[in-house]
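# Tertiary structure, described
Listed below are the residues making up each chain.
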Amino acid sequence: MPPDADATTDSTATDLPRLVIVEDDPAFARTLRRSFERRGYAVDHAASPEDLETLLDDNDFQFAVVDLKLGSGSGLTCVHMLADRDPDTRIVVLTGFASISTAVEAIKLGASHYLAKPANTDDIEEAFGRVAGDPTVPLDTRKSSIKTVEWEYIHSTLVECDFNISEAARRLGMHRRTLARKLEKRPLR
């Protein structure tokens with residue numbers, strides 16, 4: 001994983017593990033960047049799929065942290081771009097919009113792990129190191145509530161629509177404002 005703490009954190013150093021953070025919240029991205037630089041990573045930041053595409057023209061990354069919702073765009077596009085560029089890149093999707101459907105899609109597209117916010121640098125770095133599944137993870141015996149099923153359905157539709165709320169509302173057969181209210185009511189983690 002990362003080199004010892006005495007190493008320099010200059011992003012031009014070739015001996016440091018390369019990490020890209022794809023996050024549209026500048027304050028959160030800055031906090032993550034500083035934390036990973038202190039741990040010995042060379043870190044770059046992209047705020048959108050277009051920014052990431054520009055970075056990928058000149059850089060290869062061993063690690064990536066990708067936010068699922070990037071403004072009006074989707075982090076799933078970034079996962080696909082990173083995995084296409086190098087299938088060995090350890091990609092962790094970090095999101096406040098966690099759902100089963102987006103988790104499945106992220107893994108299918110090449111993500112190594114999927115974490116719901118709040119997650120800290122320790123959680124993310126641990127996720128980088130997890131290369132195999134854990135068959136001993138306890139199964140939840142509680143059935144999903146109607147609200148949870150509705151939430152999952154809304155989020156799978158949002159993913160299909162690339163997080164376009166107007167299009168998702170049309171497909172769900174509800175008014176756009178109703179969908180926006182439902183999304184505001186559900187607390188983000």
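Residues numbered from 1 in each chain as written. Predicted model: local features only at pLDDT ≥ 70, side-chain atom pairs only at ≥ 80, totals over all residues. Heavy atoms only, no water.

Ranked by internal contacts, the top residues of the largest apolar core, which has 35 residues, are Val-20, Val-22, Leu-52, Val-66, Leu-82 and Ile-91. When residues of this core are assigned to their parent elements, the largest contribution, 6 residues, is made by helix H3 (residues 75–85). Among residues more than four places away in sequence, those in contact with Leu-52 are Val-20, Val-22, Ala-46, Cys-78, Met-81 and Leu-82. Formed by 15 residues, the second largest nonpolar core is a distinct cluster that contains Leu-19, Tyr-41, Phe-63 and Val-92. (Core = buried A, V, L, I, M, F, W, Y, C linked by side-chain atoms within 4.5 Å. Buried < 20%, exposed > 50% of the residue type's maximum accessible area, 1.4 Å probe, protein only. Helix = DSSP H or I, 4+ residues; strand = E, 2+ residues; numbered from the N terminus. Contact = heavy atoms within 4.5 Å.)

Let us now look at the confidence of the model for the chain. Here the chain shows a mean pLDDT of 83. Residues at 70 or above account for 85%. Contacts for the low-pLDDT stretch residues 1–12, under 50 throughout, to residues beyond four places or in other chains number 25 contacts. (pLDDT = per-residue confidence, 0-100.)

The first and last C-alpha atoms of helix H1 (residues 26–38) sit 18 Å apart over 13 residues, in line with the 18 Å expected at 1.5 Å per residue. For H1, every residue scored as buried is listed here: Ala-29, Leu-32, Ser-35 and Phe-36. Considered in projection along H1, the buried side chains sweep an arc of 135° and stay on one side of the axis. Exposed side chains of H1 directed beyond 90 degrees from the buried face belong to Pro-26 and Arg-38. Buried-residue contacts for H1 involve strand S1 (18–22), strand S2 (42–46), strand S3 (63–67), strand S6 (90–95) and helix H5 (121–129). Sitting at the amino-terminal end of H1 is Asp-25, which places a side-chain oxygen 3.1 Å from the backbone nitrogen of Ala-27. Of the residues trailing H1, Gly-40 is marked for its positive phi of about 95°. (Expected span 1.5 Å × (residues − 1). Arc of directions from axis to C-beta. Polar contact = N/O pair within 3.5 Å; in protein donor to acceptor, adjacent residues only side chain to side chain.)

In this sheet, strand S7 (residues 113–116) lies alongside S6 in parallel orientation, the contact comprising 4 bridges. Bridge pairing in S7 links Leu-94 to Leu-115. At this point the chain moves from S6, through helix H4 (residues 100–109), to the parallel S7, and the crossover so formed is right-handed. (Pairing = 2+ DSSP bridges. Right-handed = clockwise from strand over helix to strand, strands pointing away.)

Tallied over the entire structure, the rule returns 10 salt bridges. Notably, a salt bridge pairs Asp-122 with Arg-39, separated by 2.5 Å at the nearest N-O pair. Highlighted residues: Asp-122 in helix H5 and Arg-39 in the loop between H1 and S2, separated in sequence by 83 residues. Of the residues examined, Arg-39 reaches a relative accessible area of 26% and is grouped as partly exposed. (Salt bridge = Lys/Arg side-chain N within 4 Å of Asp/Glu carboxyl O.)

Glancing now at the pairing of S1. With 5 of 5 residues buried, S1 is to be regarded as a mostly interior element. Of the two faces of S1, both are covered, the one formed by Arg-18, Val-20 and Val-22 as well as the one formed by Leu-19 and Ile-21. For S1 and S2, the ladder comprises 5 bridges, and the chain directions are parallel. From the neighbouring strand, Leu-19 faces S2, where its bridge partner is Val-43. Handedness of the crossover is the feature at issue here: the chain leaves S1, passes through H1, returns alongside S2, and the resulting connection is right-handed. Note that S1 and S3 share 4 bridges and pair parallel.

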